[in-house]
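Structural description and commentary
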2 protein chains.
Amino acid sequence: MASKNESKPTPKAERDRATGRYAYDGLERVLHERARLSILSSLASHADGLVFNDLKTMCTLTDGNLSRQLQVLQEAGLVEILKGYKNNRPQTLVKLTPDGRERFLEYIAVLESVVADAAAAAGKSPRRSRALEGFSPA
Amino acid sequence: MASKNESKPTPKAERDRATGRYAYDGLERVLHERARLSILSSLASHADGLVFNDLKTMCTLTDGNLSRQLQVLQEAGLVEILKGYKNNRPQTLVKLTPDGRERFLEYIAVLESVVADAAAAAGKSPRRSRALEGFSPA
């Protein structure tokens, strides 16, 4: 029930509990899935784009899986797929779109916060407290 | 075809192509899925464990989804679930196992390399090169 005391400052531990502190909403599924993250990272590191076979090798993906994931990324507007020729052989070149680059960097900023949270947690030494009193394995 | 010149040092760009450089094998699916990553991050930051309802709020998950994900994490040996009482009310306490903490930190180390790769890539200015010659939108 509400009480008149609720206007007093909330301790940090309570704020953590109240705010979806660890929800990481920015980890969009379309970018977060491992094979797609792998593809996007490769492309972010190669601004000129990568041909299909090089991308496949860098990400250790099969032809079929890479094709499927590229289709998902293209439909989401994250990559563009260019058909052309190199040394008279047909090749497929894949590039991040400008929007894809921006959304990838936004995603990476959220990953950075995950890493920072873990680093802060690892800095704390584990300890047992009264929170465990009365608990036993399920 | 193989040639006698293949023993010369391989340029960095070629090594990238040959090694699954961006495969990020350490991003285990059981830890990488967003809801589970959220749960593990919350628990890593609270060494004494968290009661079910606090965990639910911090991760912005429904009862059903949190229950399901906790079962997956428990079966993978990453968390332990303790049943007990607090203020005479039944409560469920969730904690990382020692193995869970270790695997979470290994996972975070891979995330750090994803972030580092993206930071290195963002430092490069995009440029067009001969790689794009002869390519047109698919």
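The numbers attached to residues start from 1 for each chain and follow its sequence in the written order. Here every chain gets a letter starting at A, and every ligand a number starting at 1, in the order they are written. With pLDDT at 70 or above as the cut-off, local features in this predicted model cover only qualifying residues; side-chain atom pairs require 80 or more to be listed or tallied, and sums for whole chains, interfaces and linings still use all residues. Values reported for side chains reflect all heavy atoms of the structure, with hydrogen atoms and water molecules removed beforehand.

1. Here we look at the overall build of chain A
A run of H or I in DSSP counts as a helix once it spans at least four residues, and a run of E counts as a strand once it spans at least two, with each numbered from the N terminus. The number of helices and strands found in chain A is six helices and four strands. Ordered by position from N to C terminus, the α and β elements of chain A give α-α-α-β-α-α-β-β-α-β. Buried residues are those whose accessible area, probed at 1.4 Å on protein chains only, stays under 20% of the maximum for their type, while exposed residues exceed 50% and partly exposed ones sit between those limits. Scored against the burial criterion, the 138 residues of chain A give a buried share of 43%. The long-range fraction of contacts in chain A, counting pairs at least 24 apart against all pairs at least 6 apart in sequence, stands at 54%. Each accessible area is a Shrake-Rupley estimate made with a 1.4 Å probe; only the visible protein chains count as cover when residues are assessed. With the model as given, the accessible surface of chain A reaches about 7900 Å², and the carbon-plus-sulfur share is 50%. Here, two residues are considered to be in contact whenever any of their heavy atoms come within 4.5 Å of each other.

2. Section: the packing of aromatic side chains
All names here are of chain A. Think of it this way: a Phe, Tyr or Trp ring, Trp meaning its six-membered ring, pairs with another when their centres are within 6.5 Å, and the plane angle makes it stacked under 30 degrees, edge-to-face over 60, tilted otherwise. One pass over the structure, following the stated rule, counts two aromatic pairs over all chains. Aromatic side chains Tyr22 and Tyr24 sit 6.4 Å apart centroid to centroid with 85 degrees between the ring planes, which places their arrangement in the edge-to-face category. Cation placement over rings: the criterion is NZ of Lys or CZ of Arg within 6 Å of the ring centroid and within 35° of the ring normal. Above the plane of the ring of Tyr22 lies Arg21, whose end atom (NZ or CZ) is 4.6 Å from the centre.

3. Quick word on the side chain of Thr97 of chain B
All names here are of chain B. Along the polypeptide, Thr97 turns up in the loop between β3 (89-96) and α6 (98-123). Among the residues examined, Thr97 registers a relative accessible area of 14% and is labelled buried. Here a polar contact means two N or O atoms within 3.5 Å. Within protein one must be a hydrogen donor candidate and the other an acceptor candidate, and residues neighboring in sequence count only if both atoms are side-chain atoms. There is a polar contact of 2.8 Å between the side chain of Thr97 and the backbone nitrogen of Gly100. For Thr97, the residues in contact, after removing those within four places along its chain, are Gly77, Leu78, Val79 and Glu80.

4. Concerning the packing of helix α4 (residues 52-59) of chain B against helix α5 (residues 63-75) of chain B
Residues and elements named next belong to chain B. Fitted lines through C-alpha atoms serve as axes, helices being fitted only where they are in contact, and the angles separating the N-to-C directions of these axes extend from 0 to 180 degrees. Two elements in contact, α4 and α5, have axes whose closest approach is 10 Å; the angle formed by their N-to-C orientations is 105 degrees. Relative to α5, the element α4 is oriented roughly perpendicular. Contacts from Phe52, Leu55 and Lys56 in α4 reach Asp63, Leu66, Ser67 and Leu70 in α5. Any residue that is not Ala, Val, Leu, Ile, Met, Phe, Trp, Tyr, Cys, Pro, Asp, Glu, Lys or Arg is counted as polar, Gly included; the first ten are nonpolar and the last four charged. Taken together, the residues of the contact of α4 with α5 break down into four nonpolar, one polar and two charged. Here the word oblique covers every angle except those under 35 degrees (roughly parallel), over 145 (roughly antiparallel) and from 65 to 115 (roughly perpendicular).

5. What to know about the pattern of salt bridges
Residues and elements named next belong to chain B. For this analysis, a salt bridge means a side-chain nitrogen from Lys or Arg found within 4 Å of a carboxyl oxygen belonging to Asp or Glu. Under the criterion given, the structure shown has eight salt bridges over all chains. When the shortest N-O distance is used, the salt bridge between Arg21 and Asp117 registers 2.7 Å. Residue Arg21 is located in the loop between α1 (12-18) and α2 (29-32), and its partner Asp117 is located in helix α6; the two are separated by 96 residues in the primary sequence. Between Arg103 and Glu28 there is a salt bridge; the shortest N-O distance is 3.0 Å. In this pair, Arg103 is assigned in helix α6 and Glu28 in the loop between α1 and α2, connecting sequence segments 75 residues apart.

6. Topic: the confidence of the model for chain A
Caution applies to low-pLDDT regions: their predicted coordinates should not be interpreted in detail. All names here are of chain A. Each residue carries a pLDDT score, the predictor's own confidence in it, on a scale running from 0 to 100. The pLDDT averaged across chain A works out to 85; a share of 76% of its residues lies at or above 70. Highest mean pLDDT in chain A belongs to helix α5 (residues 63-75) (98); lowest belongs to strand β4 (residues 135-137) (60). Contacts for the low-pLDDT stretch residues 1-7, under 50 throughout, to residues beyond four places or in other chains number one contact. Considering only residues more than four positions removed or in separate chains, one finds that residues 125-131, a stretch of pLDDT under 50, has eight contacts. What the predictor reports for the complex is a pTM of 0.81 with an ipTM of 0.80.

7. Quick notes on α6 of chain B
Each full turn of the α-helix corresponds to 3.6 residues, which orients residues three or four apart in the same direction. Given a rise of 1.5 Å per residue, 26 residues ought to cover 38 Å, and the 38 Å separating the end C-alpha atoms of α6 of chain B matches this to within 8%. Burial in α6 of chain B covers these residues: Gly100, Arg103, Phe104, Tyr107, Ile108, Val110, Leu111, Val114, Val115, Asp117, Ala118 and Ala121 of chain B. Where α6 of chain B is buried, its residues contact α2 (29-32), α3 (34-44) and α6 (98-123) of chain A together with α2, α3 (34-44) and β3 of chain B. Helix span, expected: 1.5 Å multiplied by one less than the number of residues in the helix.

8. What to know about the environment of Thr19 of chain A
Residue and element names in this part refer to chain A. Residue placement: Thr19 occurs in the loop between α1 (12-18) and α2. Note on Thr19: relative accessible area 53%, which makes it exposed. Distance from Thr19 to Tyr85, taken between C-alpha atoms, is 53 Å for residues 66 residues apart in sequence.

9. Looking at the pairing of strand β2 (residues 79-86) of chain B
All names here are of chain B. Between any two strands, at least two bridges found by DSSP are needed for them to pair. Bridging between β2 and β3 involves eight bridges; their strand directions are antiparallel. Bridge pairing in β3 places Leu82 opposite Leu93. Where β2 folds back on β3, the antiparallel hairpin that results is connected by two residues, among which Asn87 adopts a positive phi of roughly 50 degrees.

10. Side note on the pairing of strand β3 (residues 89-96) of chain A
Judged from the two bridges that link them, strand β1 (residues 50-51) of chain A and β3 of chain A form a sheet pairing that is antiparallel. Note on β3 of chain A: the bridge partner recorded for Val51 of chain A is Leu93 of chain A.

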